[in-house]
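The chain contents come next:
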Amino acid sequence: MNAVPRHRLLPAGAAVVTVVLWASAFVAIRSAGQEYSPGALALGRLASGALALGVIWAVRREGLPPRAAWRGILLSGLLWFGFYMVVLNWGEQQVDAGTAALVVNVGPLLIALLGARLLGDPMPPRLLAGMAVSFAGAVTVGLSMSGGGRNSVLGVVLCLLAAVAYAAGVVAQKPALGQASALQVTTFGCLVGAVACLPFAGQLVHQAAHAPLPATLGMVYLGVFPTALAFTTWAYALARTTASRMGATTYAVPALVVLMSWLALGEVPGVLTLAGGVLCLAGVAVSRSRARGGRTVRVAAGDEPRPERSETVT
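Calculation criteria
- Residues numbered from 1 in each chain as written.
- Predicted model: local features only at pLDDT ≥ 70, side-chain atom pairs only at ≥ 80, totals over all residues.
- Heavy atoms only, no water.
- Helix = DSSP H or I, 4+ residues; strand = E, 2+ residues; numbered from the N terminus.
- Buried < 20%, exposed > 50% of the residue type's maximum accessible area, 1.4 Å probe, protein only.
- Contact = heavy atoms within 4.5 Å.
- Phe/Tyr/Trp six-rings, centres within 6.5 Å; stacked < 30°, edge-to-face > 60°.
- Lys NZ or Arg CZ within 6 Å of the ring centre and 35° of its normal.
- Salt bridge = Lys/Arg side-chain N within 4 Å of Asp/Glu carboxyl O.
- Patch = residues over 30% accessible without salt bridge, like charges linked within 9 Å, V, L, I, M, F, W, Y side chains within 5 Å.
- Areas by Shrake-Rupley, 256 points an atom, 1.4 Å probe, with all protein chains shown as cover.
- Expected span 1.5 Å × (residues − 1).

**Thoughts on the overall build of the protein**
Part 1 of the argument: When its secondary structure is counted, the protein shows 13 helices and 2 strands.
Part 2 of the argument: Within the protein, the fraction of its 314 residues that count as buried is 50%.
Part 3 of the argument: Relative to all contacts within the protein whose residues are 6 or more apart in sequence, the contacts with residues 24 or more apart total 87%.

Here you go:
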């Protein structure tokens with residue numbers, strides 16, 4: 001019986017931790033967002049995450065990232081940690097957690113597109129077809145929510161903006177991980193995002209003084225687990241594979257969010273919303289269906305294997 005190699009098991013485990021915690025984040029945002037405004041919630045989350053990461057970074061004495069990594073850290077910090085979290089919080093005040101996760105799940109396809117353009121990743125026709133199908137799914141989700149008025153449509157648009165920021169942040173982060181450790185990239189990316197959200201400090205102080213304890217604890221949970229822990233495990237796994245392949249791991253998030261939001265919040269998307277979600281996932285399946293035969297290329301001893309072509313994440 002063949003044992004799973006450690007260099008494959010650890011990144012896969014890190015990806016699982018990321019997916020589960022990010023799914024829980026959609027539910028926690030929906031709950032805490034009832035008491036905190038989008039910007040205040042983002043700042044509180046990032047401040048909690050930066051504090052937790054800073055303690056670990058100091059204990060491990062990893063030092064500052066090298067100069068070559070700072071461009072990617074700054075871009076990912078502004079786009080993914082900062083802008084993404086604000087617009088996602090805002091979007092989840094307009095639509096339910098499951099719908100938000102379904103729309104944001106267009107992000108992995110955008111990662112593949114940006115990766116092909118900026119990182120030189122291949123972009124076969126199947127990927128283009130998958131993007132078209134997933135876009136149709138996002139439109140269907142938007143139409144299914146339009147009966148709730150302009151705010152629902154606004155929520156879908158905000159979640160689409162979050163997906164774009166998420167994709168751009170991942171593509172910017174990938175080169176930085178070739179120069180710095182996962183902890184360094186995550187710690188300073190989170191710090192950059194927190195600094196970018198400082199204009200919301202007044203709102204955070206005022207709302208924290210009046211918010212019930214469960215909402216504040218939810219905000220701290222978002223910072224410590226879906227941010228500090230999950231973004232670090234994400235960076236660890238991303239450093240050992242391609243951006244498009246790592247993005248594929250988040251395809252499981254919407255299903256987990258629907259289940260968690262049903263259990264915790266009693267929210268279940270309508271039939272048309274679910275149909276749009278199925279289209280999103282069908283597009284993902286089309287984009288990931290490739291001719292078999294891609295093999296893993298091993299590099300120098302001690303290095304991680306680099307896939308010759310994108311493979312299914314396990």
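**Quick word on the environment of Pro65**
Part 1 of the argument: Note that Pro65 resides in the loop between helix 2 (38-60) and helix 3 (70-92).
Part 2 of the argument: Measuring from C-alpha to C-alpha, the distance between Pro65 and Gln184 comes to 6.0 Å, with 119 residues separating the pair along the chain.
Part 3 of the argument: Residues in contact with Pro65, not counting those within four places in the same chain, are Trp70, Ile73, Ala180, Gln184 and Phe188.

**Digging into the packing of aromatic side chains**
The geometry of an aromatic ring pair is captured by the separation of the ring centres together with the interplanar angle, meaning the angle of the planes.
Part 1 of the argument: Going through the model one piece at a time under the given rule, you end up with 13 aromatic pairs.
Part 2 of the argument: Consider the rings of Trp80 and Phe81, whose centres lie 6.2 Å apart with planes at 55°: the pair is tilted.
Part 3 of the argument: In this structure an aromatic cluster arises from ring pairing among Trp22, Trp80, Phe81, Tyr84, Tyr166, Phe231 and Trp234.
Part 4 of the argument: One cation-aromatic arrangement involves Arg240 over Tyr236; the distance from NZ or CZ to the ring centre is 3.8 Å.

**Some thoughts on the pattern of salt bridges**
Part 1 of the argument: The final tally for this structure, using the stated rule, is 1 salt bridge.
Part 2 of the argument: One salt bridge in this structure joins Glu62 and Arg60, with 3.0 Å as the shortest N-O distance.
Part 3 of the argument: Here Glu62 falls in the partly exposed class, since its relative accessible area comes to 24%.

**As for a nonpolar patch on the surface**
Part 1 of the argument: Together, Phe83, Val153, Val157 and Leu161 make up an exposed nonpolar region whose accessible area comes to about 310 Å².
Part 2 of the argument: Here the nonpolar patch takes 3 residues from helix 7 (residues 150-176), the largest share from any one element.
Part 3 of the argument: Position of Val153 relative to the elements: it lies in helix 7.
Part 4 of the argument: When its relative accessible area of 36% is taken as the criterion, Val153 is described as partly exposed.

**Remarks on the side chain of Thr187**
Part 1 of the argument: Structurally, the position occupied by Thr187 is in helix 8 (residues 182-196).
Part 2 of the argument: Classification of Thr187 by relative accessible area gives buried; the value is 6%.
Part 3 of the argument: In contact with Thr187, other than residues within four places in its own chain, are Leu53, Gly54 and Trp57.

**With respect to helix 8**
Given 3.6 residues per helical turn, the α-helix brings residues three or four places apart onto the same face.
Part 1 of the argument: For helix 8, which comprises 15 residues, the first-to-last C-alpha distance of 21 Å matches the rise-based estimate of 21 Å (1.5 Å per residue) to within 8%.
Part 2 of the argument: Burial runs high along helix 8: 12 of the 15 residues are buried.
Part 3 of the argument: Residues Ala182, Leu183, Gln184, Val185, Thr186, Thr187, Phe188, Gly189, Cys190, Val192, Gly193 and Ala194 constitute the buried set of helix 8.

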